[in-house]
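Here is what each chain is made of, one letter per residue.
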Amino acid sequence: MSPPPNLRIVLLGKNELDNARVGNLILGRDAFQTEALEASEEQVSERVRGQVGDRLVTIVNPDLFHPGLLPHELSAQITECVDLSAPGPHVFILVLQPENFSEEDRNKVKSILGMFSYEAINYTIVLTTVRSARHVSESFTVKREDSFALIINECGMRHHMFDTIDRFDQNQVVKLFERVDSMMKRNGGRYLTCKKTETMTGTSLHLGVKPLQKRGREEDLAEDEEMQKKRREALRPSQDPTVTHQLRNSVWKESKESVREHAQGVMVQVQNKLDHCDRSSATLIDYIRTSIQDLQKKPTQKIIIGVFGQTGCGKSSLLNAILGEYELLPTATLGACTSVIIQVEAKTESNYRATIDFISKEEWHKELKCLLHDLAEPEDKRNKDICKMAEDKIEALYGPESRKSFKELISDHKIADLLSLGTKSFSHPQALALSEEIKPYVWHHEDDLGNLYWPIVKAVKIEVPKQKELPENIVLVDLPGTGDYNQTRDEMWKQMLRECTAVWIVSDINRALSEKAPWEILDRNMTYMMQGGECTSIAFICTKTDNLEVQSYMSSQKLTDEKLQVTNNSDRKRKCILHRNGKAKDQVKKKANKEYGVKPLVFTVSSHEFWSEKKLEQKDTEIPALREALKTFNDSYTNKVAKQYFSSAIGILHLIQAPTNIDRSKLHSELTKKLEDEWKNLRQNRLRPFYNQLEKSLSVGVQKAAKKCVEITSEQVKVPPGKDGRGYHQTLSALCRNKGYFRSRDGETRDLNRALAVVMQNSINKKFNNLFPNEVRTGQSVQEKINEFSICSINVSEGYSKPEAMTHILNFLKAKEAKLKEKAHEDILKTKKDMYASIEDTVKEEMIAGYTEAEKQTGPGSMEEKIKVLKKHAESVKCTMFNKAKSKILNVFNQLMNQIEFDFKTTLQEAMAHALSESTFSMDVSSEIEKMEELSAQHEDSIPSTE
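Calculation notes
Residues numbered from 1 in each chain as written. Predicted model: local features only at pLDDT ≥ 70, side-chain atom pairs only at ≥ 80, totals over all residues. Heavy atoms only, no water. Helix = DSSP H or I, 4+ residues; strand = E, 2+ residues; numbered from the N terminus. Buried < 20%, exposed > 50% of the residue type's maximum accessible area, 1.4 Å probe, protein only. Contact = heavy atoms within 4.5 Å. Areas by Shrake-Rupley, 256 points an atom, 1.4 Å probe, with all protein chains shown as cover. Expected span 1.5 Å × (residues − 1). Axes fitted to C-alpha atoms, helices over the stretch in contact; angles between N-to-C directions. Parallel < 35°, antiparallel > 145°, perpendicular 65-115°, else oblique. Left-handed = near helix turned anticlockwise from the far one by under 90°. Nonpolar A, V, L, I, M, F, W, Y, C, P; charged D, E, K, R; others polar. Pairing = 2+ DSSP bridges. Salt bridge = Lys/Arg side-chain N within 4 Å of Asp/Glu carboxyl O. pLDDT = per-residue confidence, 0-100. Phe/Tyr/Trp six-rings, centres within 6.5 Å; stacked < 30°, edge-to-face > 60°. Lys NZ or Arg CZ within 6 Å of the ring centre and 35° of its normal. Core = buried A, V, L, I, M, F, W, Y, C linked by side-chain atoms within 4.5 Å.

Enquirer: Please give an account of the overall build of the chain that cites residues and values.
Expert: The helix and strand tally for the chain stands at 30 helices and 19 strands. Taken across its 947 residues, the chain has 53% of its residues classed as buried. In the chain, the share of contacts with a sequence separation of at least 24, taken over all contacts with a separation of at least 6, comes to 79%. Summed over all atoms, the accessible surface of the chain reaches about 43,300 Å², with 49% contributed by carbon and sulfur.

Enquirer: Residues and numbers for helix α6 (residues 170-186), please.
Expert: In this model, α6 (17 residues) spans 25 Å end to end at C-alpha, consistent with the 24 Å of a helix rising 1.5 Å per residue. Within α6, the full set of buried residues consists of Gln172, Val173, Leu176, Phe177, Val180, Met183, Met184 and Lys185. Once α6 ends, the next one or two residues include Gly188, with phi positive near 75°.

Enquirer: Account for the packing of helix α2 (residues 71-84) against helix α3 (residues 103-116), with residues named and values stated.
Expert: Put simply, α2 and α3 touch, their axes get as near as 10 Å, and they point 55° apart. Classified by the angle their axes make, α2 and α3 are oblique. In the packing of α2 onto α3, the handedness of the crossing is right-handed. Together, Leu74, Ser75, Ile78, Cys81 and Val82 of α2 and Ile112, Met115 and Phe116 of α3 make up the contact between the two elements. For the contact of α2 with α3, the per-class residue count stands at seven nonpolar, one polar and no charged.

Enquirer: I'd like a rundown of the sheet that holds strand β6 (residues 159-162), residues and numbers included.
Expert: Working definition: the strands of a sheet are paired by backbone hydrogen bonds and lie parallel or antiparallel to each other. Taken in spatial order, the six strands of this open sheet run β2-β3-β1-β4-β5-β6, and their pairing is mixed. The open sheet has two edge strands, β2 (46-52) and β6, and neither has a second partner. Strand-to-strand twist of the sheet, defined as the mean angle between neighbouring strand axes without regard to direction, takes the value 25°. Summarising the sheet, strand β1 (residues 6-12) and strand β3 (residues 55-61) pair through five bridges and their orientation is parallel. Along β3, the bridge assignment pairs Asn6 with Leu56. The strands that helix α1 (residues 16-27) touches are β1, β2, β3, β4 (91-95), β5 (124-129) and β6; relative to β3, the one it contacts most, it runs at about 175°. Across the sheet, α6 touches β1, β2, β3, β4, β5 and β6, and the angle it forms with β6 is around 170°.

Enquirer: Run through the pattern of salt bridges, naming residues and quoting values.
Expert: Inspection of every chain in the model, using the stated rule, returns 51 salt bridges. The closest approach of N and O atoms between Glu622 and Lys585, which form a salt bridge, is 2.7 Å. Placement of Glu622 in the loop between α22 (618-621) and α23 (623-657) and of Lys585 in helix α20 (residues 569-596) is noted, with a sequence separation of 37 residues between them. Between Glu901 and Lys905 there is a salt bridge whose closest N-O contact spans 2.9 Å. With Glu901 and Lys905 both in helix α29 (residues 862-915) and four residues apart, the pair spans about one turn of that helix. Here Glu901 and Lys905 have matching classes, each one buried. Several salt bridges converge on common partners, so that one network encompasses Asp571, Arg574, Lys575, Glu617, Lys619 and Asp620.

Enquirer: Got a sec to walk through the pairing of β3? Specific residues and values, please.
Expert: Summarising burial for β3: seven of the seven residues are buried, a large majority. The side-chain alternation of β3 yields two buried faces, one formed by Arg55, Val57, Ile59 and Asn61 and the other by Leu56, Thr58 and Val60. Relative to β3, β2 runs antiparallel, the two being bridged by seven bridges. Opposite Gly50, over in β3, you have Val57 as the bridge partner. Here β2 folds back onto β3 in antiparallel fashion, the turn holding two residues, of which Gly53 has a positive phi close to 65°.

Enquirer: Explain unusual backbone geometry to me, using residue names and the numbers behind them.
Expert: The omega angle of the peptide bond from Ala86 to Pro87 is 5°, so this bond is cis rather than trans. Within the secondary structure layout, Pro87 lies in the loop between α2 and β4. A positive phi angle, close to 55°, is found at Lys558, a residue other than glycine. Within the fold, Lys558 resides in the loop between α18 (550-556) and α19 (561-564). If you check the backbone angles, Lys739 has positive phi at about 60° while not being a glycine. Mapping Lys739 onto the fold places it in the loop between α25 (728-737) and β18 (741-743).

Enquirer: Tell me what's going on with the side chain of Glu928, and back it up with residues and numbers.
Expert: Inspection of the secondary structure puts Glu928 in helix α30 (residues 926-942). For Glu928, a relative accessible area of 8% gives the class buried.

Enquirer: Summarise the confidence of the model for the chain; cite the residues concerned and give the values.
Expert: Across the chain, the average pLDDT comes to 83, with 86% of residues at 70 or higher. The least confident element of the chain is helix α7 (residues 221-234), whose mean pLDDT is 42; the most confident is strand β17 (residues 601-604), at 96. Confidence drops under pLDDT 50 across residues 132-144; counting only partners more than four residues distant or on other chains, this segment forms 23 contacts. A low-confidence stretch, residues 197-254 stays under pLDDT 50, and its non-local contacts, those more than four residues away or across chains, total 79 contacts.

Enquirer: Describe the packing of aromatic side chains, listing the residues and the values that go with them.
Expert: Aromatic rings considered in pairs are described by the distance between their centres and by the relative angle of their planes. One pass over the structure, following the stated rule, counts 18 aromatic pairs. A ring pair is formed by Phe308 and Trp493, whose centres lie 6.4 Å apart and whose planes are at 90°; its orientation type is edge-to-face. Of this pair, Phe308 sits in strand β7 (residues 303-308) while Trp493 sits in helix α16 (residues 487-499), placing them 185 residues apart in sequence. Lying across the ring of Tyr191, Arg8 places its NZ or CZ 5.1 Å from the centre. Between Arg754 and the ring centre of Tyr528, over which it is positioned, the NZ or CZ distance is 4.1 Å.

Enquirer: Give me the pairing of β4: which residues, what numbers.
Expert: Taking burial as the measure, the five residues of β4 include five buried ones, the bulk of the element. By the alternation rule, side chains of β4 split into Val91, Ile93 and Val95 and Phe92 and Leu94, which are all buried. Where β1 meets β4, four bridges bridge the pair, whose relative direction is parallel. Across the sheet, the residue bridging to Val10 is Phe92, located in β4. Across four bridges, the pairing between β4 and β5 is parallel.

Enquirer: Account for the environment of Glu822, naming residues and giving values.
Expert: Within the secondary structure, Glu822 is located in helix α28 (residues 803-855). It is 8.6 Å that separates the C-alpha atoms of Glu822 and Gln644, two residues lying 178 residues apart in sequence. Excluding residues within four positions of it along the chain, Glu822 makes contact with Lys640 and Gln644.

Enquirer: Would you mind going over the nonpolar core in detail, with residue names and values included?
Expert: Counting residues in hydrophobic clusters, the biggest one holds 103 residues, and the most contacted among them are Val782 and Phe882. Ranked by residue count, the leading element in this core is α29, at 20 residues. Once residues lying within four places of it in the same chain are set aside, the contact partners of Val782 are Leu687, Phe690, Leu771, Phe772, Ile828, Phe893 and Met897. Ranked by size, the runner-up nonpolar core spans 67 residues in total, among them Ile322, Leu323, Phe358 and Leu434.

Enquirer: Lay out α20 in plain terms, naming residues and giving numbers.
Expert: Under the 1.5 Å per step criterion, the end-to-end length of α20 is 41 Å for 28 residues, consistent within 8% with the ideal 40 Å. Of all the positions in α20, only Asp571, Arg572, Arg574, Lys575, Cys576, Ile577, Arg580, Asn581, Ala584, Lys585, Val588 and Ala592 are classed as buried. Buried residues along α20 sit in contact with α17 (516-529), β16 (537-543), α18, α19, β17 and α22. Gly597 occupies a position one or two residues after α20 and carries a positive phi of about 70°.

Enquirer: Break down the packing of helix α24 (residues 664-717) against α29 for me, with residues and values.
Expert: Running from amino to carboxyl end, α24 crosses α29 at an angle of 170°, the nearest separation of the two axes being 9 Å. Classified by the interaxial angle, the pair formed by α24 and α29 is roughly antiparallel. Class assignment of the residues belonging to the contact of α24 with α29 gives a composition of 28 nonpolar, nine polar and 10 charged.

Have a look at this one:
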């Protein structure tokens, strides 16, 4: 990341003269006044610009700590400061005198920073002079709790010291700028977007404040114009396209938010008008008011991005880089990451928060008994992986050499207290502090045995401040490559996978093609994501691209400097990395398409180089490209929500605008008949054929699954080739205990229920893709047929005395239909996931009796007996098990159609009753309709093209 050509600095501190001296030292000249002011002089903000090296530096020096400032005057000063540092400061330099810094001062500093933005403290560096060196040292060795040490800690330990502020010293400035650049890198190279307080809009907060006058040596307007010219030059399309794209997206975001806020304001005004209407039409007015209130409800749905990868593939480092946090998610550098699910979303206003969700006490006690049972097996029957997993879990919680009984272990108060909590939360102003807190709950380290809690953790939810790199509607979920030995976590893993809109599969670039794990993730989970989920996008992310031995690579690829167009020695590694990245992308795409029938996006990423930029530029690391991918998902979602808002709002306004003196009874009769005819046509002629087609595919699947049931069971439970059966005894016992599922420590998975269900699922996959596609149109989907439904195709130009008035009612009903179709889409998506999952769920239900009976087999020859029991049970249920699954799916499909019919009929009948009721209600909102349609068009125009 290259330092920005322009640098905007805001100086803060109690001693205005010290602030001025620091500003002069940075600029290398006497730019700010360093003599004490007369008592009568106005306390105002100063701004001075100057060239420092190859940077154009703007320094704003406000006097925000003046003891005589009233609250509204302080607000006005901050507003002025925001204007002078527009579009936003890169850094706040907090000039402090440690020997004269109280707890009251600390609180005032935090309050003032908070008035700029809740993120301002992340853009702040504390600056002291050499005379304070002794106090600073004591603060960190003896008085760690004092106010000065605390403010440095709250500023992320960003503290810099000047030897002197009384003479110019360019070396001091260079070192300061290095610290500023380091901080900016952690902030993603962004300037701070400050709050728009009321003062900025010219409201009453300006009252009593004299016009702010500049003093010092601020440059004239000619220089301001020059600055604007330089900014325009820097942002021309011929420059870095990434910068241009980011600017366009930034402008779009501000534009669309402004448009939506304006639209909401229009509807608030309409709501206020309703307060003054005649209450003789109270029922209709209340209906309208409720409809407007429903508009204000924020959608709770989020876009979930599932990130898969084995331990050591660089997954946590990748997510940290995307989030712009060097150390938020603990990495596997020193410890092994576990199978705990971690989800991250932008939700808080300032602090970083984590919520730990524990499994229940009953679940842990059940699992603990199983773990102790595994460890009690005779040596000749042990499975090393299972026993190692059991040891890891017990020692993590209870310490090394925990050779205690079940009763002794469950009496451990520390673990019992955590299990009784259900959840536990942490909150910190800094990401690193939160990371340290959550480590015991998400990773395993041999040095911390007895103080690790991941075995009893179901999931961890992390919330980062808004306006960080993570868009507000995105949830990143760090998922283990496969499910978990713990049944609760495994079920949660499967459920989370079904909710993913996109899936990212992460692998070390050196093993992306050869390693089985990433491809097994795709192979095993494809149907969970697609037919059984809502995934619309799959991406492979090849990490650690900077890990390359140049000479070896050039030799293996028969490359020369001439072929790579290497111009100097320092550029050679970069060219080799980019060459390998290109080859890796092509090879991964070909393999995915040829062997799995998917066309994934492929990214080649270096988290290390993103932070260090030693060999690669930021864009070459492709972290910015992944961030743009997240923004695209987020923008698509917010655009959809906005369209729904405008559609509903305009519909409500048309209802209000409809006059009362029209032929309502005739229209009501015609619409009622249309509703019955349209739904009957939809049900019998469009949806019933789908039911028949699905029933046919399911019948074929039942026959195939029943035929192969015993064969699949035998294959799944037999001793694997190359094993003598002694260790396999524990594997089979664990599979029975977990009702058909087992996952080893190294990721090897046996899932009998899944294996039995797959045959039936494969028989319906094609039909499922047509009926319930996640995104594309097939021409044969349930949603497309429902979208054809409408009662508003009535011709009101004939037989009606006031066709324009009737059009208002039809427009209102069209908006209702649009909202119903969107709800139907959500219901269809949820139901199709339930239908698909019901096959495996039914298999598990029918096989449980067999697992329970097999588990009872103990003693000599018990492994063979377990296998016999499972095969016999599969034989006994094969004819009924899959037919039950078929009946469940068809019943759920019918229930879905009934629910959608009920929703459409009741909602439209209620809407018609209100729109066509005999009422004296009258209110002119023609101007509001015109304004809302104009705003809707503006919103559409504000969406940038993807070119």
